[in-house]
Amino acid sequence: MMRLDIITVLPELFEGPFNHSILKRAREKRLVDLVVHNLRDFSTDRHKRVDDYPFGGDAGMVLSIEPIERALNHLKSQRAYDEIIYTSPDGLPFNQAEANRLSTLKHIIILCGHYKGVDQRVRDHLITREISIGDYVLTGGELAAAVIADSVIRLLPGVISDETSALMDSFQDRLLAPPVYTRPADYKGWKVPEILLSGHAGKIENWRYEQSLERTRKLRPDLLEEYPDKD
Ligand code: ADE
């Protein structure tokens, strides 16, 4: 079973995303052991402080190295971690290939970034990877950590009931997913493509592939340029 530890100053933020629907079921079925830690629990300060003023002066506070190293050492004394991730807008851009890679690991820590950042020595010495979920700035790394965790956990065997469906996703074969429809077949004159009602499994499969290619060419031609074998 994968063990995923998240270290944060805002553990409450994870109560929503991890306690509903598919992720909730994955935890209940013991397909993933997901543990959220409050960084404040590792502060030795009387007031449980985990941040301090930046050297050199500037607006905002910086997360201190000491409670972070205490939290990491506490976890590392219990098991060997494959990756210690720090979430930050200046990290490596996250994508499906990285989600796939992470889903094969056994023990992962995600340290959530802080709006003003952490002491650079944390990044230089204590973590193994920095990940950004996109070129925009969030108030903290928590939502980014939730995005990473969600995309990784859904790939674990047994989490999504239909085993093929995770493989059918957009990006999994570097193509966008084809459109899907459900009843009614005709809604106020807006009709479902005839082929999907035909019952021809082979033809439907071909149609879906063509739709994927067409959607990718139209909406994300950059994906095809990166992987010209798909054109
Ligand atoms: N923290 C703030 N913005 C972020 C982003 N885009 N990705 C990861 N962590 C972040």
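For the structure, check the block above.
Computed from a predicted model, the values in this text were never measured in an experiment.

Moving on, we come to the overall build of the chain. Secondary structure assignment for the chain yields eight helices and nine strands. Within the chain, counting contacts between residues at least 6 apart in sequence, those at least 24 apart form 73% of the total. Surface exposure of the chain reaches about 13900 Å², of which carbon and sulfur atoms provide 52%. Here the chain contributes 31 positive and 36 negative side-chain charges, whose respective centroids are spaced 5 Å apart.

Once that is clear, we can look at the packing of helix α4 (residues 96-103) against helix α6 (residues 142-153). Two quantities define a packed helix pair, namely the angle between the axes and the distance from one axis to the other. Following both chains from N to C, one finds α4 and α6 inclined at 70 degrees, their axes separated by 8 Å at the closest point. What the angle tells us is that α4 and α6 run roughly perpendicular. Crossing of α4 over α6 shows right-handed handedness. Contacts between α4 and α6 involve Ala99, Leu102 and Ser103 from the first element and Ile148, Ser151 and Val152 from the second. Within the contact of α4 with α6, the residues separate by chemical class into four nonpolar, two polar and no charged.

What follows covers the sheet that holds strand β1 (residues 2-8). Strand order in the open sheet formed by five strands is β2-β1-β6-β5-β7, with parallel pairing between adjacent strands. The open sheet terminates on both sides in strands that have one partner only, identified here as β2 (32-38) and β7 (129-132). Strand-to-strand twist in this sheet, taken as the mean axis angle between neighbours without regard to direction, amounts to 30 degrees. Most of the contacts of helix α3 (residues 65-76) go to β1, to which it runs at about 165 degrees, and overall it touches β1, β2, β5 (83-93) and β6 (107-111). In the packing of α6 onto the sheet, contacts are made with β1, β2, β5, β6 and β7, and the angle to β1 comes to roughly 175 degrees.

Attention now moves to empty space enclosed by the protein. Overall, the coordinates contain one cavity of 30 Å³ or more when judged by the stated rule. If you add up the space inside the largest cavity, you get close to 30 Å³. Residue lining of the largest cavity: Leu4, Ile85, Leu102, Ile108, Ile110, Ile148, Ala149 and Val152, and that is the complete set. Within the residue set of the lining of the largest cavity, elements represented by two or more residues are β6 and α6. In terms of residues, the lining of the largest cavity owes the most to one element, α6, which gives three residues. Within the lining of the largest cavity, the residues separate by chemical class into eight nonpolar, no polar and no charged.

On to α6. Turn by turn, an α-helix covers 3.6 residues, leaving residues three or four places apart pointing in a common direction. Along its 12 residues, α6 runs 16 Å from first to last C-alpha, staying within 8% of the 16 Å computed at 1.5 Å per residue. Across the 12 residues of α6, nine count as buried, placing the element largely inside the fold. Within α6 the residues assigned to the buried category are Glu142, Ala144, Ala145, Ala146, Ile148, Ala149, Ser151, Val152 and Ile153.

With that settled, the discussion passes to the site of the ligand. The local shell around the ligand holds 13 residues, among which Ser88, Ile133, Gly134, Tyr136 and Leu138 are the closest. Between the ligand and Ile133, the relevant distance is 3.0 Å, taken from a nitrogen atom to a main-chain nitrogen or oxygen of the residue. At a separation of 3.0 Å, a nitrogen atom of the ligand approaches a polar backbone atom of Leu138. Considering the ligand on its own, with 260 Å² of exposed area, one finds that the protein chains cover 97% of that surface. Mapping the ligand onto the cavity grids shows that it belongs to the second largest pocket. Contributing elements (two or more residues each) for the shell around the ligand: β5 and β7. The residue inventory of the shell around the ligand, partitioned by class, reads seven nonpolar, six polar and no charged.

What counts as what
- Residues numbered from 1 in each chain as written.
- Predicted model: local features only at pLDDT ≥ 70, side-chain atom pairs only at ≥ 80, totals over all residues.
- Heavy atoms only, no water.
- Helix = DSSP H or I, 4+ residues; strand = E, 2+ residues; numbered from the N terminus.
- Contact = heavy atoms within 4.5 Å.
- Areas by Shrake-Rupley, 256 points an atom, 1.4 Å probe, with all protein chains shown as cover.
- Lys, Arg positive; Asp, Glu negative; His and termini not counted.
- Charge placed at Lys NZ, Arg CZ, Asp CG, Glu CD.
- Axes fitted to C-alpha atoms, helices over the stretch in contact; angles between N-to-C directions.
- Parallel < 35°, antiparallel > 145°, perpendicular 65-115°, else oblique.
- Left-handed = near helix turned anticlockwise from the far one by under 90°.
- Nonpolar A, V, L, I, M, F, W, Y, C, P; charged D, E, K, R; others polar.
- Pairing = 2+ DSSP bridges.
- 1 Å grid on protein atoms, 1.4 Å probe; cavity = no way out; pocket = protein on both sides within 12 Å on 5 of 7 lines; lining within 4 Å.
- Points joined across faces, edges and corners; volume = space filled by probe spheres on them.
- Expected span 1.5 Å × (residues − 1).
- Buried < 20%, exposed > 50% of the residue type's maximum accessible area, 1.4 Å probe, protein only.
- Near = heavy atom within 4 Å.
- Polar contact = N/O pair within 3.5 Å; in protein donor to acceptor, adjacent residues only side chain to side chain.
- Sits in = over half its atoms within 2 Å of the grid points.

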